[in-house]
Amino acid sequence: MLKKIPRFFSSESQFQALHHKLKLLNCPFCRVTGCLNLHGFLYSYDNKPRGRRIFCSNRNKRKGCGRSFSILLAWLLKNFRLTALDLWTFISGLINGLSKQASWIKTGLSISQSFLYCLSRRLKTNVPYIRTKLLGVAPSFLQETFILLKNSSLKNNPIWWFQEHFQDDFLKHRPKALVF
Ligand SMILES: [Zn+2]
């Protein structure tokens, strides 16, 4: 059976296990199986390893597409210098009611207002995506969302409050394949 190659790994042993079954995985671009080869390390700007490069071989009459891609260490964030640990420190500050600035100071990283603004916007943009993913693993998440709604509401009926406060429909979106 064809198997998708993971995009992230957490440890060297996890990577070695992946390396051993590389020939059984299919290329994310051309879907061909049996042509993936290890293609060295992926380095960050300061020369620290960030992951591995994988090459889909088209050499020696192999059927691959000749493209290469990366699999990343799961504690790093693609295209960001800050790590998952830094980001979680920042988010934890926000959860605890600190301001963005105070939450960022907790990371111990130098502060830039423009970066902080971009990061906050990036987080906000990804909230619906993260929530949808989480719903799959934590059914109680739906319940937690409604508890959050109840706690935020200033009225006895939180749905009434929601529509009045946000001036928006409560059941705004329809599931994609279910139109009625
Ligand atoms: Zn390929």
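These numbers were taken from a predicted model, which means no experiment stands behind them.

About the thresholds
Residues numbered from 1 in each chain as written. Predicted model: local features only at pLDDT ≥ 70, side-chain atom pairs only at ≥ 80, totals over all residues. Helix = DSSP H or I, 4+ residues; strand = E, 2+ residues; numbered from the N terminus. Rg over C-alpha atoms; globule rule 2.2 N^0.38 Å. Buried ≥ 20, exposed ≤ 12 C-beta atoms within 10 Å, placed from the backbone. Contact = placed C-beta atoms within 7 Å. Pairing = 2+ DSSP bridges. Core = buried A, V, L, I, M, F, W, Y, C linked by C-beta atoms within 7 Å. Domains from an automatic or database assignment. pLDDT = per-residue confidence, 0-100.

Chemist: Looking at this model, I keep getting lost on the overall build of the chain. Mind explaining?
Modeler: Helix and strand content of the chain: six helices and six strands. For 180 residues, the compact-globule estimate of 2.2 N^0.38 gives 16 Å, and the C-alpha radius of gyration of the chain, at 22 Å, exceeds that figure by more than 25%. In terms of overall dimensions, the chain has a C-alpha envelope of 70 × 50 × 25 Å along the principal axes. Counting all 180 residues of the chain, 7% fall into the buried class. In the chain, the proportion of contacts linking residues at least 24 apart, taken out of those at least 6 apart, comes to 25%.

Chemist: In this structure, what is going on with the sheet that holds strand 2 (residues 8-9)? I would like to understand it.
Modeler: Strand pairing in a sheet relies on backbone hydrogen bonds, with the paired strands running either antiparallel or parallel. Strand order across the open sheet formed by four strands is 2-6-5-4, with mixed pairing between neighbours. Because the sheet does not close on itself, it has two edges, and the strands there are strand 2 and strand 4 (36-43). When strand 5 (residues 49-56) meets strand 6 (residues 68-73), the two strands line up antiparallel, connected through five bridges. Residue pairing for strand 6: G51 is matched across the bridge by L72.

Chemist: How should the nonpolar core be read in this particular structure?
Modeler: Within soluble globular proteins, side chains that are nonpolar tend to cluster in buried spots. In terms of nonpolar packing, the biggest core is built from five residues, these being C27, C35, L36, I54 and C56. Leave out the neighbours within four places in its chain, and I54 touches L36, L38, H39, S68, F69 and I71.

Chemist: Help me understand the domain arrangement of the chain, please; the structure alone is not making it clear to me.
Modeler: How large an interface is tends to be reported as the accessible area lost when its parts come together. According to the domain assignment, the chain contains domain 1 (3-73), domain 2 (77-127) and domain 3 (138-169). Placing a centre on the C-alpha atoms of domain 2 and another on those of domain 3 gives a separation of 26 Å.

Chemist: Looking at this model, I keep getting lost on the pairing of strand 6. Mind explaining?
Modeler: Within a regular strand, the side chains alternate between the two sheet faces. With two bridges joining them, strand 2 and strand 6 adopt parallel strand pairing. Its bridge partner lying in strand 6, F8 is registered against L72.

Chemist: Hey, could you run me through the pairing of strand 4 in this one?
Modeler: Summarising the sheet, strand 4 and strand 5 pair through six bridges and their orientation is antiparallel. Across the sheet, L36 pairs through a bridge with C56, a residue of strand 5. Connecting strand 4 to the next strand, strand 5, in antiparallel fashion are five residues, including N47 with a positive phi near 70°.

Chemist: Help me out: how do you make sense of unusual backbone geometry in this one?
Modeler: A negative phi holds for most residues other than glycine; trans holds for most peptide bonds. At N60, a position not held by glycine, the phi torsion is positive, near 50°. Here N60 shows up in the loop between strand 5 and strand 6. Among the residues examined, N60 registers 5 C-beta atoms within 10 Å and is labelled exposed.

Chemist: What is the right way to look at the environment of K100 in this model?
Modeler: Inspection of the secondary structure puts K100 in helix 3 (residues 100-105). What makes K100 partly exposed here is the crowd of 17 C-beta atoms within 10 Å. Discounting residues that sit within four places of it in the chain, K100 has contacts with L116 and S120.

Chemist: Mind showing me how you'd approach the confidence of the model for the chain here?
Modeler: Detailed reading of the predicted coordinates is not advisable wherever pLDDT is low. Chain-level statistics for the chain give a pLDDT mean of 86 and a share of 96% at 70 or above. Highest mean pLDDT in the chain belongs to helix 3 (94); lowest belongs to strand 1 (residues 3-4) (77).

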